[in-house]
Amino acid sequence: MITRNTLFSCFLLLILTACVSDTWESSPTEENKIGVPVTLNLPALLNGNNSRTAEDPLTVADLSLEILVFEKSGNDYLYTYLIDSFSEISDSRFVIQLERTERPVHLMLLAHTENMPARTSWNAGSTTIEEVRSSLVNDLGAGGKWDDELTIPLWGESEDFIVSENNNTLNEIHLLRMFSAIQVTFSEVIAKEEFELTEVRLYNAHTTGLVVPHPSNWDDTEKTVTAPSFPSTPETAPYIVLGKDLTDNSLPAVYVCEAGNTDSTPDRLTVPFLLIGGYYHEEGVVTWYRVDLFSEDENGSRNYRPLLRNRLNQISVTSVGNRGDEDEEEAIGKEKAEMDITLSEWDVTQGNILLYGQNVFTVSRNNIILSKEANDLVQVTVFTDYYSGWTATVDAEYETWLSLVSADENGVVKGEPNVQTSLGFAVKENNTGSPPRRRDRDQSRRTDRFPVTYYPGRE
């Protein structure tokens, strides 16, 4: 019997057997090794040649993966040796050979960091885990954007464990991108004659970022970051150009460093925000519109959102009410731009749930945060090869404002097996606030958990 599963994080299980590299400072001796299984939870997509879909998921073979082994010494964890080659790849996990020890061991997994200069300062037996974490700084330069022809660095860490015959089981390790993504689209109802997008800028941006987040900003229970992490001497820019001379009224996903003011009452001029430029009704001059990234609480107070790693920030422009400002500074100072948007934030994961040890079930995104007015632009991709397909329903507490596109009279959507299917969400305007508010459409809807339950089977 299939058990109904609520999927708040979807993960990819990969099996392979690892061998220990002999090209680093030290490695376990053959007679003292023990095999330890590791399960990876990989993000959905990487830029460049490593893009993947639900039917063609990312695998360890796509990664330049390394495992740093740390051993506890007093109050510190000291870097001991590195594993950087794998063999006997299969389809759910891999086994690494570690040296037996009576002291706790901690693993750090890194991908695509092998050429970072700071690594030359690491010394086996003396470099601490905190020194490794703080040294992995990526500098994007004045442009402030990641080159989408390159593969994004990833990071993950294990829980502490003892390497012994009696304790050789590891929980899954989540790998996260070090960057945040921003994407801008215009509703199909906005014709180019009404507004033509030309440029998108990100203000209060960081141009350097840490591959490894600060431990205090990592929620190990939810497996997600809670705040941006910055190098000890961060580099910032007044703004960076995310896209210019855009021709199809959209900005494809652009990867940038984490950014944001973590104060409880951040200054509106210091938080990350977008400035969108374009031609209004075929006027011959570019005008500008400020777009803030925020949600609102029940009292209407704005909660400005930082740019967090492994997140996709989707800005969907739903209407342009009037021309913007020709002067950028005037546009920046305005509290309300003549542009309505829907803001969705995804903690982007994708992976495979193994059913009965052989079938695959994937959902492309989770942990959604929505704000602004109603829209039906939010979608996920669902795929399973289970013989009877899949079923999705909206959890009862969210039914007043969220429904599934193409659902039946009972609010249920069913999918066929072996078909990659787009599942859309219709977000209703929230006009039921108590007490009523003047601009109910701006009331945000936030879910700390993804508000849809998926389960295999269609009966």
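Residues numbered from 1 in each chain as written. Predicted model: local features only at pLDDT ≥ 70, side-chain atom pairs only at ≥ 80, totals over all residues. Heavy atoms only, no water.

Asker: Looking at this model, I keep getting lost on the side chain of Arg201. Mind explaining?
Answerer: Along the chain, Arg201 falls in strand S14 (residues 195–206). Here the side chain of Arg201 touches Glu199 through a polar contact of 2.9 Å, side chain to side chain. Within polar-contact distance, the side chain of Arg201 engages the side chain of Tyr203 at 3.1 Å. With residues near it in sequence (within four places) discarded, Arg201 still touches Tyr239, Ile240, Val241, Leu242, Phe273, Leu274, Leu275, Trp288 and Glu328. (Helix = DSSP H or I, 4+ residues; strand = E, 2+ residues; numbered from the N terminus. Polar contact = N/O pair within 3.5 Å; in protein donor to acceptor, adjacent residues only side chain to side chain. Contact = heavy atoms within 4.5 Å.)

Asker: I keep staring at the packing of aromatic side chains and nothing clicks. Help me out?
Answerer: For any pair of aromatic rings, geometry is given as the distance between the ring centres together with the angle between the planes. Counted by the stated rule, this structure contains nine aromatic pairs. Ring plane angle 10 degrees and centroid distance 5.0 Å describe the contact between Tyr203 and Phe273, whose orientation is recorded as stacked. Placement of the pair is Tyr203 in strand S14 and Phe273 in strand S20 (residues 273–280), with a sequence separation of 70 residues. Across this residue pair, the class does not change: Tyr203 and Phe273 are buried. (Phe/Tyr/Trp six-rings, centres within 6.5 Å; stacked < 30°, edge-to-face > 60°. Buried < 20%, exposed > 50% of the residue type's maximum accessible area, 1.4 Å probe, protein only.)

Asker: Would you mind going over the environment of Asn138 with me for this structure?
Answerer: Take Asn138: it is sitting in strand S9 (residues 137–139). Between the alpha carbons of Asn138 and Met178 there is a distance of 9.1 Å; along the sequence they are 40 residues apart. Filtering out sequence-adjacent residues up to four positions away, Asn138 remains in contact with Met116, Trp146, Pro153, Met178, Phe179, Thr207, Thr208 and Gly209.

Asker: How do you make sense of the nonpolar core when you look at a structure like this?
Answerer: Across soluble globular proteins, nonpolar side chains have a tendency to be buried as a group. Counting 45 residues, the largest nonpolar core has Leu68, Met108 and Leu110 as the members making the most contacts within it. In this structure Met108 touches Glu66, Ile67, Leu68, Phe70, Ile129, Val132, Arg133, Trp155, Gly156, Glu157 and Val212, once residues within four positions along its chain are discounted. Leu242, Leu251, Tyr289 and Ala337 belong to the second-largest nonpolar core, a separate cluster that totals 31 residues. (Core = buried A, V, L, I, M, F, W, Y, C linked by side-chain atoms within 4.5 Å.)

Asker: Looking at this structure, I do not really get the confidence of the model for the protein chain. What am I missing?
Answerer: Low pLDDT marks regions whose predicted coordinates should not be analysed in detail. Considering every residue of the protein chain, the mean pLDDT works out to 76; 73% of them sit at 70 or more. Within the protein chain, strand S1 (residues 15–19) has the poorest average pLDDT of any element, 24, and strand S15 (residues 208–210) the best, 97. The low-confidence segment residues 1–27, where pLDDT is below 50, has 116 contacts with residues more than four positions distant or belonging to other chains. The low-confidence segment residues 45–55, where pLDDT is below 50, has 36 contacts with residues more than four positions distant or belonging to other chains. (pLDDT = per-residue confidence, 0-100.)

Asker: Teacher, can you tell me more about the pattern of salt bridges here?
Answerer: Where charged atoms of side chains with opposite charge meet at close range, the side chains can pair. Following the criterion strictly, the structure yields 13 salt bridges and no others. Across the pair Glu71 and Arg103 runs a salt bridge whose closest N-O atoms are separated by 2.9 Å. Here Glu71 is found in strand S4 (residues 65–73), whereas its partner Arg103 is found in the loop between strand S7 (93–99) and strand S8 (105–111), with 32 residues between them in sequence. Judged by its relative accessible area of 18%, Glu71 is buried. Take Arg103: its relative accessible area is 42%, and that puts it in the partly exposed class. Measuring nitrogen to oxygen at the nearest pair gives 3.3 Å for the salt bridge that ties Asp325 to Lys334. The exposure class assigned to Asp325 is buried, which follows from its relative accessible area of 12%. (Salt bridge = Lys/Arg side-chain N within 4 Å of Asp/Glu carboxyl O.)

Asker: How do you make sense of the sheet that holds S4 when you look at a structure like this?
Answerer: Hydrogen bonds along the backbone pair up the strands of a sheet, which may run parallel or antiparallel. One open sheet accounts for five strands, arranged S5-S4-S8-S10-S12; its pairing is antiparallel. Unpaired on one side and paired on the other, strand S5 (76–83) and strand S12 (176–177) mark the two borders of the sheet. (Pairing = 2+ DSSP bridges.)

Asker: How do you make sense of unusual backbone geometry when you look at a structure like this?
Answerer: One non-glycine residue, His112, lies in the positive phi region at around 65 degrees. In this fold, His112 is placed in the loop between S8 and helix H1 (129–135). You can call His112 buried: its relative accessible area is 18%. Even without being glycine, Asn249 reaches a positive phi, approximately 55 degrees. Relative to the assigned elements, Asn249 resides in the loop between strand S18 (236–244) and strand S19 (250–256).

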